Amino acid sequence: MPLKPSDVLAILQEKQAEFTLFNRDASQELRRYRQAVAELSRQPMESLQSRLDPISCTGARPLERKERSPHWIIPTQLQWESREESLAWVRDQLTGVTTFSVDGSQIFPSKDLSLPVALVQIGWFENPHRGDASYCKDVRVNVVSPVELQQNASHRPADRQVNMVRFAMEVDRHVEFMEAHAHQSNCLTFVDGSLVASFAEVLDIECRRFYAQQCLKLLRASETYRVPLVGYIDTSNARDLVTMVAHLADLAEAQTLLDTQLFGNRMAWGDRTPLFLCNRQGAARTQGILSQYEEQAQNITFTYLKTHEGRPVRLELPRWIFEAGLLETVLNYVRSEVIIGRGYPYVIETADQVAVLRSQDRQLFFRLLQDWARAQDLDLRFSRKMISKAFRRR
């Protein structure tokens, strides 16, 4: 049956006081933190660093000296009268610069099949931004066999195993791109997501180690081949700056606040925060995933960049980019891709479109699998429910 709006509204009305109380407390907490940010942004970076030194996990540490950044906002004053003017600026920034991104999609194992099997596809988009060179869109597929899916099957869901295969394929493709463009600073590879795999902290030990090693591979390749790498997080739930401010301003830890809330509506398009070093602890104050990043544990930096009318996005970059003096150049590459994509990096968006597996791809995969299994004399059966759905949707 469809949802009954009257029932939902009645429950919301009944719990109005709880929503009001939460909103009031959160607003008061946010005001305290924003006031603390205003005060801390006027203090020298060295002073903040020295006060954080005795603390092992501070959430973040100041890295970039920006004495004139009230509220930790660095204005860029990038404004244009028309989209044509903004695209002219993009051409100045990106002509001859190769941007790259990879994304993935999958068909998970189904209980409607008698054999456990999955399909993973990654797709990429490489754009050299030159009139004499064409862009490249392509895909790579992998069939995950029953043996692969049953690795550690006693405690690891098959879907998780498929996600790991996809992640490894995406990382390998990023590394291939960096190898092919070694020591070329006029390129940038985008990771759609964080370089800090905190999501893996709730997984089993082997999975945590796997994701840490994959992220290590990415970071090491970027540093070895000197190819800029950016993790782009459009909607970030990170609380690294909130944790750091709590330490510096002696505030109670704000469990509901996010970094992106600290800047309110003060940021204009293109503005950013200073660069900070990520020093995140694990959930419930446990040892976090960064403890498994070996020599790269203190080499992930981040900034928040205003790219659309919503909250700023989070960018994560290897530390060597800052130390090589390439930070502002790389950030302008990011701003340019966002302009082309009207609020979201065009290169990431396109890679997603290339990689996605649609319903007709799923049907084709099962048909190919069925024909192949029959030729190999394998016992592959589909559930009656699946056959019924396929028949009804013709």
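Above this text sits the structure in question.
Now for a quick tour of the structure. (Residues numbered from 1 in each chain as written. Predicted model: local features only at pLDDT ≥ 70, side-chain atom pairs only at ≥ 80, totals over all residues. Heavy atoms only, no water.)

**Concerning the packing of aromatic side chains**
- Throughout the structure, instances matching the rule amount to 14 aromatic pairs.
- When the ring of Phe-167 is compared with that of Tyr-211, the centres are 5.0 Å apart and the planes differ by 75°; the resulting orientation is edge-to-face. A residue pair is termed long-range when its members are at least 10 positions apart, and Phe-167 in helix α6 (residues 158-180) and Tyr-211 in helix α7 (residues 205-225) qualify at 44 residues. A single burial state applies to Phe-167 and to Tyr-211, both of which are buried. (Phe/Tyr/Trp six-rings, centres within 6.5 Å; stacked < 30°, edge-to-face > 60°. Helix = DSSP H or I, 4+ residues; strand = E, 2+ residues; numbered from the N terminus. Buried < 20%, exposed > 50% of the residue type's maximum accessible area, 1.4 Å probe, protein only.)

**Structural notes on the packing of helix α4 (residues 83-94) against helix α10 (residues 327-340)**
- Put simply, α4 and α10 touch, their axes get as near as 9 Å, and they point 140° apart. One finds that α4 runs oblique with respect to α10. Judged by the sense of rotation from one axis to the other, the crossing of α4 with α10 is left-handed. Contacts between α4 and α10 pair Arg-83, Ser-86, Leu-87, Trp-89, Val-90, Gln-93 and Leu-94 from the former with Asn-332, Tyr-333, Arg-335, Ser-336, Glu-337, Ile-339 and Ile-340 from the latter.
- Each residue belonging to the contact of α4 with α10 can be placed in one class, and the counts come to seven nonpolar, four polar and three charged. (Axes fitted to C-alpha atoms, helices over the stretch in contact; angles between N-to-C directions. Parallel < 35°, antiparallel > 145°, perpendicular 65-115°, else oblique. Left-handed = near helix turned anticlockwise from the far one by under 90°. Contact = heavy atoms within 4.5 Å. Nonpolar A, V, L, I, M, F, W, Y, C, P; charged D, E, K, R; others polar.)

**Remarks on the pattern of salt bridges**
- Per the stated rule, a full pass over the model turns up 20 salt bridges.
- The salt bridge partner of Arg-272 is Glu-64, with a shortest N-O separation of 2.8 Å. Of the two residues, Arg-272 sits in the loop between α8 (240-249) and β7 (276-279) while Glu-64 sits in the loop between β1 (59-62) and α4, which places them 208 residues apart along the sequence. Here Arg-272 matches Glu-64 in class, with each residue buried.
- Across the pair Glu-176 and Arg-140 runs a salt bridge, and its minimum N-O distance is 3.2 Å. With Glu-176 in helix α6 and Arg-140 in strand β4 (residues 136-144), this residue pair connects regions lying 36 residues apart in the sequence.
- Three or more residues joined by partner-sharing salt bridges are found here, namely Asp-240, Asp-259, Arg-280, Arg-314 and Glu-316. (Salt bridge = Lys/Arg side-chain N within 4 Å of Asp/Glu carboxyl O.)

**Focus: the pairing of strand β8 (residues 300-305)**
- β8 sits mainly inside the fold: six of its six residues count as buried.
- Both faces of β8 are covered, namely the face carrying Ile-300, Phe-302 and Tyr-304 and the face carrying Thr-301, Thr-303 and Leu-305.
- The pairing of β7 with β8 spans two bridges and is antiparallel. Across the sheet, the residue bridging to Leu-277 is Thr-301, located in β8. (Pairing = 2+ DSSP bridges.)

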